[in-house]
Amino acid sequence: MAISMGGGGEDTPLSDINTTPLVDVMLVLLIIFLIAVPVVIQTVDLELPKVRFEPTTTKPENVALSITGEGGNCQVFWNTAPIASQDLLKRGSEKLKAVVDRLGDQITADDIPEVHIRGDVNTPYRCIGAVIYTMQNAGFIKVGFISEPEPGTQAE
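Conventions used here
Residues numbered from 1 in each chain as written. Predicted model: local features only at pLDDT ≥ 70, side-chain atom pairs only at ≥ 80, totals over all residues. Heavy atoms only, no water. Helix = DSSP H or I, 4+ residues; strand = E, 2+ residues; numbered from the N terminus. Expected span 1.5 Å × (residues − 1). Contact = heavy atoms within 4.5 Å. Pairing = 2+ DSSP bridges. Axes fitted to C-alpha atoms, helices over the stretch in contact; angles between N-to-C directions. Parallel < 35°, antiparallel > 145°, perpendicular 65-115°, else oblique. Left-handed = near helix turned anticlockwise from the far one by under 90°. Nonpolar A, V, L, I, M, F, W, Y, C, P; charged D, E, K, R; others polar. Salt bridge = Lys/Arg side-chain N within 4 Å of Asp/Glu carboxyl O. Buried < 20%, exposed > 50% of the residue type's maximum accessible area, 1.4 Å probe, protein only. Core = buried A, V, L, I, M, F, W, Y, C linked by side-chain atoms within 4.5 Å. Disulfide = S-S within 2.5 Å.

Q: Help me out: how do you make sense of helix α3 (residues 125-138) in this one?
A: One full turn of an α-helix is made of 3.6 residues, so residues set three or four places apart face in the same direction. Between the first and last C-alpha of α3 there are 20 Å, a value that for 14 residues agrees with the 20 Å anticipated at 1.5 Å per step. Elements that come into contact with the buried residues of α3 comprise β1 (63-68), β2 (75-78), α2 (85-103), β4 (115-119) and β5 (143-145). Just past α3, the residue Gly139 takes up positive phi, approximately 115°.

And the structure:
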């Protein structure tokens, strides 16, 4: 049985580490991951918008809603006047009906008013979600969120 002691002298031990088993294990793991990763990752191909924010064009017939939710109590404001959630559907339907009656047969998708929602950052989602649901039930097609951009950012 012969042992390689390496180096210069007869009594100098070999200080090189045998990396062959380590390389073998790493190659096996690499092959396993190359086979397993495509099976695990299931995604939907999407192209997300590249816009930081879009300036909104406000038309006089648009509905501006503000929502706060302090202490779990949702409060909705139509422009600056508070409105009960029960009256929101009725008032929204009346507003939309008035616009449709005024324009008649010449109405286009661009003529339908939009709902612009300003939600306080501390408002629970259930408050904002309920308003979105109510306004969609009233017949509004476009519902948008108004936010405050970060200082120093600009539209692209």
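Q: Would you explain the sheet that holds β2 in this entry?
A: What links the strands of a sheet is backbone hydrogen bonding, and the strands pair in either a parallel or an antiparallel sense. One open sheet holds the five strands; their spatial order is β3-β2-β1-β4-β5, and the pairing between them is mixed. The open sheet terminates on both sides in strands that have one partner only, identified here as β3 (81-83) and β5. Averaged over all adjacent pairs, the angle separating strand axes in this sheet is 30°, with direction ignored. Sheet analysis places β2 next to β3, joined by three bridges and oriented antiparallel. Residue Val76 lies in a different strand from β3, and its bridge partner there is Ile83. Of the strands in this sheet, β1, β2 and β3 are in contact with α2, which crosses β2 at around 25°. Packing against the sheet, α3 makes contact with β1, β2, β4 and β5, and its axis sits at approximately 155° to β1.

Q: Mind showing me how you'd approach the environment of Ile83 here?
A: By the element assignment, Ile83 lies in strand β3. Placed 18 residues apart in sequence, Ile83 and Leu65 show a C-alpha to C-alpha distance of 9.7 Å. When sequence neighbours within four positions are dropped, the list of residues in contact with Ile83 reads Val76, Phe77, Trp78, Leu88 and Arg91.

Q: Please clarify how the packing of α2 against α3 should be interpreted in this entry.
A: Any two packed helices are characterised by the angle at which their axes cross and by the distance between the axes. Viewed as axis vectors pointing N to C, α2 and α3 meet at an angle of 40°, and their least axial separation amounts to 8 Å. Relative to α3, the element α2 lies oblique. In this structure, α2 meets α3 at a crossing whose hand is right-handed. For the pair α2 and α3, contact is made by Leu88, Leu89, Gly92, Ser93 and Leu96 and by Val131, Thr134, Met135, Asn137 and Ala138, respectively. In terms of residue class, the contact of α2 with α3 is built from six nonpolar, four polar and no charged.

Q: Just to check I follow, could you spell out the pattern of salt bridges for this structure?
A: Within this structure, the stated rule accounts for one salt bridge. Here Asp101 makes a salt bridge to Lys97, at a shortest N to O gap of 2.9 Å. Here Asp101 and its partner Lys97 are both found in helix α2, four residues apart, which amounts to about one turn of the helix. Residues Asp101 and Lys97 agree in their burial class; the two are exposed.

Q: Honestly, the nonpolar core in this entry has me stumped. Any pointers?
A: For soluble globular proteins, the rule of thumb is that nonpolar side chains tend to be buried together. Core analysis: the biggest nonpolar cluster contains 18 residues, and Leu65, Leu88, Val131 and Met135 have the highest contact counts within it. In terms of residues, this core owes the most to one element, α3, which gives six residues.

Q: Is there a simple way to think about the state of the cysteines in this case?
A: Covalent bonding between the sulfur atoms of two cysteines is what defines a disulfide. In total, this model carries one disulfide according to the counting rule given. One disulfide bridge connects Cys74 with Cys127, the sulfur atoms lying 1.8 Å from each other. The chirality of the disulfide connecting Cys74 with Cys127 is left-handed, given an S-S dihedral of about -70°. Of the two residues, Cys74 sits in the loop between β1 and β2 while Cys127 sits in helix α3, which places them 53 residues apart along the sequence. Judged by relative accessible area, Cys74 falls into the partly exposed class, the value being 39%. Given the relative accessible area of 2%, Cys127 is considered buried.

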